[in-house]
Amino acid sequence: MAISKAQQKAVAKYNAANYDRIELRVEKGKKEDVQAHAEARGESVNAFINRAITETMERDCAATGE
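In this report, the structure presented in the accompanying data block is examined.

Here is what the cut-offs are and how they apply
- Residues numbered from 1 in each chain as written.
- Predicted model: local features only at pLDDT ≥ 70, side-chain atom pairs only at ≥ 80, totals over all residues.
- Heavy atoms only, no water.
- Phe/Tyr/Trp six-rings, centres within 6.5 Å; stacked < 30°, edge-to-face > 60°.
- Buried < 20%, exposed > 50% of the residue type's maximum accessible area, 1.4 Å probe, protein only.
- 1 Å grid on protein atoms, 1.4 Å probe; cavity = no way out; pocket = protein on both sides within 12 Å on 5 of 7 lines; lining within 4 Å.
- Points joined across faces, edges and corners; volume = space filled by probe spheres on them.
- Helix = DSSP H or I, 4+ residues; strand = E, 2+ residues; numbered from the N terminus.
- Nonpolar A, V, L, I, M, F, W, Y, C, P; charged D, E, K, R; others polar.
- Salt bridge = Lys/Arg side-chain N within 4 Å of Asp/Glu carboxyl O.

The subject of this paragraph is the packing of aromatic side chains. Throughout the structure, instances matching the rule amount to one aromatic pair. Taken together, a centroid distance of 6.2 Å and an interplanar angle of 65° make the contact between tyrosine 14 and tyrosine 19 edge-to-face. When its relative accessible area of 48% is taken as the criterion, tyrosine 14 is described as partly exposed. Residue classification places tyrosine 19 among the exposed positions, given a relative accessible area of 52%.

This is how it looks when you write it as structure tokens:
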């Protein structure tokens, strides 16, 4: 099913209002490793990266008592 221009515009507007973007660069070949890891766990790459960030920040804060 094709997405209309109006729907694309609405999604872009929603995303701009509700999300920040972070550009991520990885070494050549690493992207495929990350995609395979996320897929093996039933996650999107975005969900996996967000989970990795959240879990690492929680672990770091617990270790330092923040």
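Quick look at the layout of surface pockets now. In this structure, the largest pocket encloses a volume near 680 Å³. Around the largest pocket sit 18 residues that line it, and Asp20, Arg21, Ile22, Asn46 and Asn50 are the ones nearest its centre. For the lining of the largest pocket, the secondary structure elements donating two or more residues are helix H1 (5–18), helix H2 (30–40) and helix H3 (45–64). Here the lining of the largest pocket gets five residues from one element, more than from any other, and that element is H3. Residue composition of the lining of the largest pocket, by class: nine nonpolar, five polar and four charged.

The full count for this structure, using the stated rule, is three salt bridges. Of the charged contacts, one joins arginine 25 and glutamate 23 as a salt bridge, the two residues approaching to 3.2 Å between their closest N and O atoms. By relative accessible area, which is 65% here, glutamate 23 ends up exposed. Arginine 51 serves as the salt-bridge partner of glutamate 55, at 3.4 Å between the closest nitrogen and oxygen. Placement of the pair is glutamate 55 and arginine 51 together in helix H3, with a separation of four residues, close to one helical turn. According to the relative accessible area criterion, glutamate 55 is partly exposed, its value standing at 39%. Each of Glu43, Arg51 and Glu55 takes part in salt bridges that share partners, so that together they form one network.

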